[in-house]
Amino acid sequence: MVIATELCALSEYRIYPGNGSLFIRRDGKPVFLGSSKAYSLTIQRKKAAKLVWTQAWRRLHKKGISETTTKKRTRRINKVQRAVVGLSLDDMKKKASVKPEVRAASRDAALKEVKARSAASKGKKGRKGAAGGAGQRTKMPKNVKR
C-alpha cells in the first residue's frame, strides 16, 4: 500500500497524512509545512539553505552523498609517438639519443659553415659593386621631365 506524502516546503522532509499544515501564500500558492518550527521560520522568511537541519543546507554543503555516489576515476591516456612529416620515428629516436656534447659540436660546425658561406657571398657582392661603380641611380625630383 502506497501512502500519499507531501514534502515540507522548508525542510523537504516527508509529511505523512494527519501531520503538518497547509499554508496558502498571498499569491494563492499552497505551501505544505511539516511542523510549527517550519511554519515559524517560513513566516520569518528564513532561508532553508542557512538552516543546518534542512535538506537544502545538506545539499549545498555536500553532506550524505559520499556513500551513494563515488568519484569517477579517470584513466590515464598512454602517449603515442608519431612520425613528423620530414622524419621517421626511428630518425627521431636516434636524434633524441645523441649526447648533448655531440649535438653542440654539430651545431657549431653548421654555424661555421653558414658563416663561411655568407662571408664568401658578401665578398663577391663587394667586389662586383666596386668594379661597376654605377649600381645606384642618383635621386631626381619627380616633377622634373627627363
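It should be noted that the structure appears before, not after, this text.
Not measured: the values here are computed from a predicted model.

Things to note about the pairing of strand E3 (residues 21–24)
Where E3 lies against strand E4 (residues 30–33), four bridges are found, and the strand directions are antiparallel. Pairing of Phe23 across the sheet is with Val31, part of E4. The loop that links E3 with its antiparallel partner E4 comprises five residues; one of these, Gly28, has a positive phi angle of about 95°.

Some thoughts on the packing of aromatic side chains
The description of an aromatic ring pair uses the distance of the two centres, along with the angle that the planes make with each other. Inspection of the entire model under this criterion finds two aromatic pairs. Ring geometry for Tyr13 and Trp53: centres 6.3 Å apart, planes at 50°, overall tilted. Of the two residues, Tyr13 sits in the loop between strand E1 (6–7) and strand E2 (14–15) while Trp53 sits in the loop between helix H1 (36–43) and helix H2 (55–60), which places them 40 residues apart along the sequence. Judged by relative accessible area, Tyr13 falls into the partly exposed class, the value being 39%. On the basis of relative accessibility, which here comes to 27%, the residue Trp53 falls in the partly exposed class. With a centroid separation of 5.7 Å and an interplanar angle of 85°, the aromatic rings of Phe23 and Tyr39 are classed as edge-to-face. You can see Phe23 sitting in strand E3 and its partner Tyr39 sitting in helix H1, a full 16 residues away along the chain.

Thoughts on unusual backbone geometry
Residues other than glycine seldom take positive phi values, yet Arg45 does so here, at roughly 60°. With respect to the helices, strands and loops of the structure, Arg45 is situated in the loop between H1 and H2. We classify Arg45 as exposed; its relative accessible area is 72%. Phi is positive for Lys62, close to 55°, though the residue is something other than glycine. Looking at the secondary structure, you find Lys62 in the loop between H2 and helix H3 (89–97).

A short note on the side chain of Thr54
Here Thr54 lies in the loop between H1 and H2. Within the structure, Thr54 has its side chain in polar contact with the backbone oxygen of Ala48 (distance 2.5 Å). Discounting chain neighbours no more than four positions away, the residues touching Thr54 are Leu10, Ser11 and Ala48.

Concerning a nonpolar patch on the surface
A grouping of Met1, Ile3 and Tyr16 is seen on the molecular surface, where their side chains present a nonpolar patch of about 410 Å² in accessible area. Looking at the element boundaries, Tyr16 is found in the loop between E2 and E3.

A word on the side chain of Ser11
Structurally, Ser11 is set in the loop between E1 and E2. On the accessibility criterion, Ser11 (3% relative accessible area) is buried. When neighbours within four sequence positions are excluded, Ser11 is seen to be in contact with Trp53, Thr54 and Gln55.

Parameters and conventions
Residues numbered from 1 in each chain as written. Predicted model: local features only at pLDDT ≥ 70, side-chain atom pairs only at ≥ 80, totals over all residues. Heavy atoms only, no water. Pairing = 2+ DSSP bridges. Helix = DSSP H or I, 4+ residues; strand = E, 2+ residues; numbered from the N terminus. Phe/Tyr/Trp six-rings, centres within 6.5 Å; stacked < 30°, edge-to-face > 60°. Buried < 20%, exposed > 50% of the residue type's maximum accessible area, 1.4 Å probe, protein only. Polar contact = N/O pair within 3.5 Å; in protein donor to acceptor, adjacent residues only side chain to side chain. Contact = heavy atoms within 4.5 Å. Patch = residues over 30% accessible without salt bridge, like charges linked within 9 Å, V, L, I, M, F, W, Y side chains within 5 Å. Areas by Shrake-Rupley, 256 points an atom, 1.4 Å probe, with all protein chains shown as cover. Salt bridge = Lys/Arg side-chain N within 4 Å of Asp/Glu carboxyl O.

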